[in-house]
Amino acid sequence: MAAQPAADDGSGEASGVFDDRVVFGQSAAFSGPAEGLGTEMRHGIAAAFQEANRAGGVHGRLIELESLDDQYEPEAAIANTRRLIEEERVFALIGAVGTPTSRSATPVALAAGIPYVAPFTGAAFLRDARELANVINLRASYNQETEKMVAELTSIGIDRIAVMYQDDSYGQAGYQGSLLALDRRGMEPVSVGVYPRNTEAVKTALLDVRRGNPQAVIMIGAYQPVGTFISWARTTGMDAVFLTVSFVGSNALAEQLGGRGEGVVVTQVVPFPSDSSVPIVASYRRALTEYDPLLRPGFVSLEGYMAGRLAIAGLERCGPDLTRTCFREAILGAASIGIDDFELSYGDGDNQGSDEVFLTVIGSDGLYYPVGRLADVQP
């Protein structure tokens, strides 16, 4: 029998719903090697909430965000999730960062009947709507990102593809996605490298990857170890295309790589954050400037902003009589939810709103550029 969220009465302080406010909780990395990811997600969510609050909130309620640091560690994520539910009495959880932390926190949230909104991960297990009926995904999956990579690589004649991944459930999720994409084409990795989470200990991974003499390396990791891997690989003369998924933290990766970043390809699951001709991006940039004019726009905070806007859409659809059940059904039961021009589509057994995957590449100036096809950036 499929697991279902625990029943809740949706009333009073115990549900995080008050006459004048509704409280969301976030457990994410705000220190350690992945701190840039949690910080940027929080900025984006807070910018969306502040934007709504300036207009009077939703149905007369202001939206608050309580954030706790889990350092990208599963045990801390469990403790934070329990604290947010049992002590802070939040209405829902939003913007969690990472696969290992989400894998640990989701059972706690499910048992308490707490919606788990827009986690910053593309792990496949979170897309099992029958087993995790409280999870509401915004972004495309790692399987879709790695499929895009392999499709683009093979389209330009690259067939010697290696994989370097973080040794945990996040890395395994991206690695399995890579294996599936390769297997569809009768291929397998020419070499594989693995490194421990929350470290930059990638030298062994680099040696293992080099043994396959790859033309391209798909990397599943956070910005510090991925940046270190690329820098060492290029220092040792490895001539390969380096690709990584959206979770890497694009801004932080480009900053770390500096002059060594040219040509690195990153798949993204949100539009380009500097393209104000896209309505959702224009809204995001206005909201981010109002929130903090010193912040630089980026892919992660844009995803956070869209997560906040998705939560606001659920609150709006519920009306003033807000309950967690209504909130979930208002989103997951909707045929379509438009966040400005960005359409999210849910349905029976489908808890993922977007399937969009975009290609970006770091230029010689250290900035990201959108590209339609990988062939457009290869010599």
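Check the entry above for the structure.
Definitions and limits used
- Residues numbered from 1 in each chain as written.
- Predicted model: local features only at pLDDT ≥ 70, side-chain atom pairs only at ≥ 80, totals over all residues.
- Heavy atoms only, no water.
- Helix = DSSP H or I, 4+ residues; strand = E, 2+ residues; numbered from the N terminus.
- Rg over C-alpha atoms; globule rule 2.2 N^0.38 Å.
- Contact = heavy atoms within 4.5 Å.
- Areas by Shrake-Rupley, 256 points an atom, 1.4 Å probe, with all protein chains shown as cover.
- Pairing = 2+ DSSP bridges.
- Core = buried A, V, L, I, M, F, W, Y, C linked by side-chain atoms within 4.5 Å.
- Buried < 20%, exposed > 50% of the residue type's maximum accessible area, 1.4 Å probe, protein only.
- Phe/Tyr/Trp six-rings, centres within 6.5 Å; stacked < 30°, edge-to-face > 60°.
- Lys NZ or Arg CZ within 6 Å of the ring centre and 35° of its normal.
- Expected span 1.5 Å × (residues − 1).
- Axes fitted to C-alpha atoms, helices over the stretch in contact; angles between N-to-C directions.
- Left-handed = near helix turned anticlockwise from the far one by under 90°.
- Nonpolar A, V, L, I, M, F, W, Y, C, P; charged D, E, K, R; others polar.

Broken down by element type, the protein carries 11 helices and 14 strands. A compact globule built from 379 residues should have a C-alpha radius of gyration of about 21 Å, and the protein, at 20 Å, falls within 12% of that. Within the protein, counting contacts between residues at least 6 apart in sequence, those at least 24 apart form 70% of the total. As displayed, the protein offers around 14400 Å² of accessible surface, 47% of which is attributable to carbon and sulfur atoms.

This next bit is on the sheet that holds strand E4 (residues 116-117). Spatially, the five strands line up as an open sheet ordered E2-E1-E3-E4-E5, and their pairing is parallel. The sheet is open, and its two borders are formed by strand E2 (62-69) and strand E5 (135-136), each paired with just one other strand. In this sheet, strand E3 (residues 92-94) lies alongside strand E1 (residues 21-28) in parallel orientation, the contact comprising two bridges. Directly across from Gly25, in E3, lies its bridge partner Leu93.

So, about the nonpolar core. Ranked by size, the top nonpolar core spans 130 residues in total, and within it Phe24, Val217, Phe229, Phe242, Leu310 and Phe327 carry the most contacts. Residue contributions to this core peak at 12 residues, all from helix H10 (residues 299-318). Non-local contacts of Leu310, meaning those with residues more than four positions away in its chain, are made with Val117, Ile136, Leu138, Ile331, Ile337, Ile339, Leu344 and Tyr346.

So, about the packing of aromatic side chains. The geometry of an aromatic ring pair is captured by the separation of the ring centres together with the interplanar angle, meaning the angle of the planes. Scanning the entire structure with this criterion turns up 13 aromatic pairs. For the pair Phe24 and Phe49, a centre-to-centre distance of 5.4 Å together with 45 degrees between the ring planes defines the contact as tilted. Within this pair, whereas Phe24 is found in strand E1, its partner Phe49 is found in helix H1 (residues 35-54), the two being separated by 25 residues in sequence. Considered together, Phe24 and Phe49 belong to a single accessibility category, that of buried residues. Across the ring face of Phe125, the terminal group of Arg103 is positioned such that the distance to the ring centre comes to 4.0 Å.

Think of an α-helix as 3.6 residues a turn; residues three or four steps apart then line up on the same face. With 20 residues, H1 should reach 28 Å at 1.5 Å per residue; the first-to-last C-alpha distance of 28 Å fits that figure. Of all the positions in H1, only Leu37, Gly38, Thr39, Met41, His43, Gly44, Ile45, Ala46, Ala47, Ala48, Phe49 and Ala52 are classed as buried. Positive backbone phi, at 105 degrees, marks Gly56, one or two positions downstream of H1.

With that out of the way, let us pick up the packing of helix H7 (residues 223-235) against helix H8 (residues 250-257). Orientation of H7 relative to H8, taken along the N-to-C sense of each, is 35 degrees, at an axis distance of 9 Å. Between H7 and H8 lies a crossing whose hand is right-handed. In this structure, H7 contributes Tyr223, Gln224, Val226, Gly227, Thr228, Ile230 and Ser231 to the contact, and H8 contributes Ala252, Leu253, Gln256 and Leu257. Here the residues of the contact of H7 with H8 sort into six nonpolar, five polar and no charged.

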